[in-house]
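Listed below are the residues making up each chain.
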Amino acid sequence: MIEQNTLFKEKQLLENYRRIRARSVEICEPLETEDFVVQPIVDVSPPKWHLGHTTWFFETFILIPNLDGYQVFNSQYNFVFNSYYETIGARVIRTDRGNLSRPSVADIFQYRKYVDQQMENFLLNNDLSNDLQKLFELGLNHEQQHQELLLTDIKYILGHNPLFPAYNKNFPLEKSEPKNSKMLSFKEGIYEIGFEGEGFCFDNELNRHKVYLNDFQISNRLVTNAEYLEFMNDGGYEDFRHWHAEGWDWVKQNNAKSPLYWHFIEGKWMHYTLNGLKEIDLDKAVCHINFYEASAFASWKGMRLPTEAEWEVASGKFDWGKRWEWTGSAYLPYPGFAKEEGAVGEYNGKFMVNQMVLRGASLATPKEHSRKTYRNFFPAPLQWQFTGIRLAK
């Protein structure tokens, strides 16, 4: 029985590995070779870099330390595909990822094939310790994070091409927001937030702890394009009173007038979607809003953004998952949070400064990452993620 359980576990690990690794390649199937190399801004990485970096993770953290006699695919790839792990050594700076004409796209697919073969051999012929299983699971979730970034970055790359080429004309889009908007009420009291139970979570979702909340209300739906267009037409981008000081500076420096991907063409508001350039659907949730814009809109409505604790407590009472939703909470550690030793400890804790928390998920998020305790985080000016607005008061 023990041997059968071990075989089942090994088979399940291998199936998960194959499925998740295949999904990254599937996301890139609609791309032309030239699309794999582009880096329009520092926050966007070339698709081929994502494919290489996620492969590097398994090679660096699983195979090199644990597979006797393992030969690295290319000794220079540690420098090329290390993202931010100071523990691991020097790396190509983020702004230069788009300068990497080599390794070629073909080289990177060969790299993935080589590492996948070695990983499958390793998983089939070794019993993973509990610590190694946790590291392996982290690697899979890390790859899924990059799958979301792949879709996000691909949209930015194609959405800034003057031809507005569609990524996939059949890409499934989300439904419209409910017609009836109402505020859901919650009483003051002590609540618990944070991950609990079985299954995977990132370290920043721990530890579960108590929070005190005052009475609050939160909307049952997201802000729509129609509502945001009202804000724009009422001079929202010209009225400093609704903006944080940094946000107002951002508006002036960028001559901001609308969400990312919006274009006023021949008297109509259009926006770039993964299906190509389309006329704005007024009933859909507004997307690609940064924290400054979300806060300014909330101020204009006489409301505010929810805190992340309020969002988590209320999340069972409304539908979520169409947009990453900005909260009014700074990204900080939960009580009792502790970084792990070594490179893995750099995964989340080092970024707990100058970032705001987003909750929920989006159309780009893998299903396994859609949980109410997931703490996404980005700097306030960034628009390129699939972000939206839920109001509170």
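The residue count restarts for each chain, going from 1 along the sequence in the order it is written. Per-residue local features are limited, in this predicted model, to residues with pLDDT of at least 70; the limit for side-chain atom pairs, both in listing and counting, is 80 or more; totals at the level of whole chains, interfaces and linings are taken over all residues. As a convention, hydrogens and water are excluded, and side-chain values are obtained from all of the structure's heavy atoms.

Looking up the protein in an unreviewed UniProt entry gives the name Ergothioneine biosynthesis protein EgtB, with the organism given as Chryseobacterium indicum.

1. Focus: the overall build of the protein
Counting its secondary structure elements, the protein contains nine helices and eleven strands. Both definitions apply: the radius of gyration is a C-alpha atom measure, and the globule rule equals 2.2 Å times residues to the power 0.38. Taken against the 2.2 N^0.38 rule, which gives 21 Å for 393 residues, the C-alpha radius of gyration of the protein at 22 Å falls within 12% of a compact globule. Its C-alpha atoms put the protein at 65 × 50 × 35 Å along the principal axes. Across the protein, contacts joining residues at least 24 apart in sequence account for 77% of those joining residues at least 6 apart. Each accessible area is a Shrake-Rupley estimate made with a 1.4 Å probe; only the visible protein chains count as cover when residues are assessed. A total accessible area of about 19000 Å² is found for the protein, and carbon and sulfur atoms account for 50% of it. Within the protein, one finds 43 positive and 52 negative side-chain charges whose respective centroids are separated by 4 Å. Only DSSP runs of H or I with at least four residues qualify as helices, and only runs of E with at least two residues qualify as strands; both kinds are numbered from the N terminus onward. A contact between two residues is defined here by any heavy atoms of the two lying within 4.5 Å. Charged-residue counts in this description rest on Lys and Arg as positive and Asp and Glu as negative, His and the chain ends being excluded. Charge placement uses NZ in Lys and CZ in Arg. For Asp and Glu, CG and CD serve respectively.

2. Overview of the side chain of Arg 112
Relative to the helices and strands, Arg 112 is located in helix α4 (residues 105-125). Think of a polar contact as two N or O atoms within 3.5 Å of one another; within protein, one of them needs to be a possible hydrogen donor and the other a possible acceptor, and neighboring residues in sequence only count if both atoms come from side chains. Here Thr 54 takes part through its side chain, which lies 3.2 Å from a polar atom of the side chain of Arg 112. Side chain to side chain, Arg 112 and Thr 55 meet in a polar contact 3.4 Å long. The contacts of Arg 112, once residues within four sequence positions are left out, are Arg 21, Ser 24, Val 25, Leu 51, Thr 54, Thr 55 and Glu 143.

3. Looking at the pattern of salt bridges
The salt bridge definition used is simple: a Lys or Arg side-chain nitrogen within 4 Å of an Asp or Glu carboxyl oxygen. The full count for this structure, using the stated rule, is 22 salt bridges. A salt bridge links Arg 21 to Asp 116; the shortest N-O distance between them is 2.8 Å. Within this pair, whereas Arg 21 is found in helix α1 (residues 2-28), its partner Asp 116 is found in helix α4, the two being separated by 95 residues in sequence. The same class applies to Arg 21 as to Asp 116, namely buried. Of the charged contacts, one joins Arg 359 and Glu 312 as a salt bridge, the two residues approaching to 2.9 Å between their closest N and O atoms. You can see Arg 359 sitting in strand β9 (residues 356-360) and its partner Glu 312 sitting in helix α9 (residues 308-314), a full 47 residues away along the chain. Here the two residues Arg 359 and Glu 312 agree in accessibility, since each one is buried. The network of salt bridges with shared partners includes Arg 21, Arg 112, Asp 116 and Glu 143. Only protein chains enter the area calculation, which uses a 1.4 Å probe; residues under 20% of their type maximum are buried, those over 50% are exposed, and those in between are partly exposed.

4. Digging into the sheet that holds β9
Paired strands are those between which DSSP finds at least two bridges. Pairing in this open sheet of four strands is mixed, and the strands run β10-β9-β8-β11 from one edge to the other. On the outer flanks of this sheet lie β10 (376-378) and β11 (387-388), each paired with one strand and no other. Relative to β11, strand β8 (residues 324-330) runs parallel, the two being bridged by two bridges. What sits directly across from Trp 324, in β11, is Thr 387.

5. Examining the pairing of β9
For β9, the tally of buried residues reaches five of five residues, placing the bulk of the element in the interior. Residues of β9 alternate between two faces, with Met 356, Leu 358 and Gly 360 on one and Val 357 and Arg 359 on the opposite face, all of them buried. Across four bridges, β8 lies against β9 in antiparallel orientation. Opposite Trp 326, over in β9, you have Leu 358 as the bridge partner. Where β9 meets β10, three bridges bridge the pair, whose relative direction is antiparallel. Looking across to β10, one finds that Val 357 is bridged to Phe 377.

6. Observations concerning the environment of Leu 123
Mapped onto the elements, Leu 123 comes out in helix α4. On the basis of relative accessibility, which here comes to 1%, the residue Leu 123 falls in the buried class. Between the alpha carbons of Leu 123 and Pro 379 there is a distance of 38 Å; along the sequence they are 256 residues apart. If near-sequence neighbours (up to four positions away) are discounted, Leu 123 is found in contact with Glu 10, Leu 13, Leu 14, Tyr 17, Leu 128 and Phe 136.

7. Notes on the packing of helix α2 (residues 47-66) against helix α5 (residues 130-159)
Inter-axis angles, ranging from 0 to 180 degrees, are taken between N-to-C directions of lines fitted to C-alpha atoms, where helices are fitted over the stretch in contact. Between α2 and α5, whose axes approach to 8 Å, the crossing angle comes to 170°. For the element pair α2 / α5, the angle class is roughly antiparallel. Orientation is classified from the angle alone, with under 35 degrees giving roughly parallel, over 145 giving roughly antiparallel, 65 to 115 giving roughly perpendicular, and any other angle giving oblique.

8. Considering the sheet that holds strand β6 (residues 268-273)
In any sheet, the strands associate via hydrogen bonds between backbone groups, in a parallel or an antiparallel arrangement. One open sheet holds the three strands; their spatial order is β5-β6-β7, and the pairing between them is antiparallel. Two strands close off the open sheet at either side, each with one partner strand: β5 (262-265) and β7 (276-279). On average, each strand axis in the sheet is inclined to that of its neighbour by 35°, with strand direction left out of account. In the sheet, β5 pairs with β6 via four bridges, with the strands oriented antiparallel.

9. Considering the nonpolar core
Note on terminology: a nonpolar core comprises buried Ala, Val, Leu, Ile, Met, Phe, Trp, Tyr and Cys residues joined through side-chain atoms within 4.5 Å. In terms of nonpolar packing, the biggest core is built from 88 residues, with Met 119, Phe 136, Tyr 167, Tyr 228, Tyr 237, Trp 243 and Ile 389 touching the most fellow members. In terms of residues, this core owes the most to one element, α5, which gives eleven residues. The contact partners of Tyr 228, leaving out residues within four places of it in the chain, are Val 223, Tyr 237, Pro 259, Val 286, Ile 289, Glu 293, Phe 297 and Ile 389. In this structure, Leu 184, Phe 216, Ala 309 and Val 313 belong to the second largest nonpolar core, which totals 14 residues.

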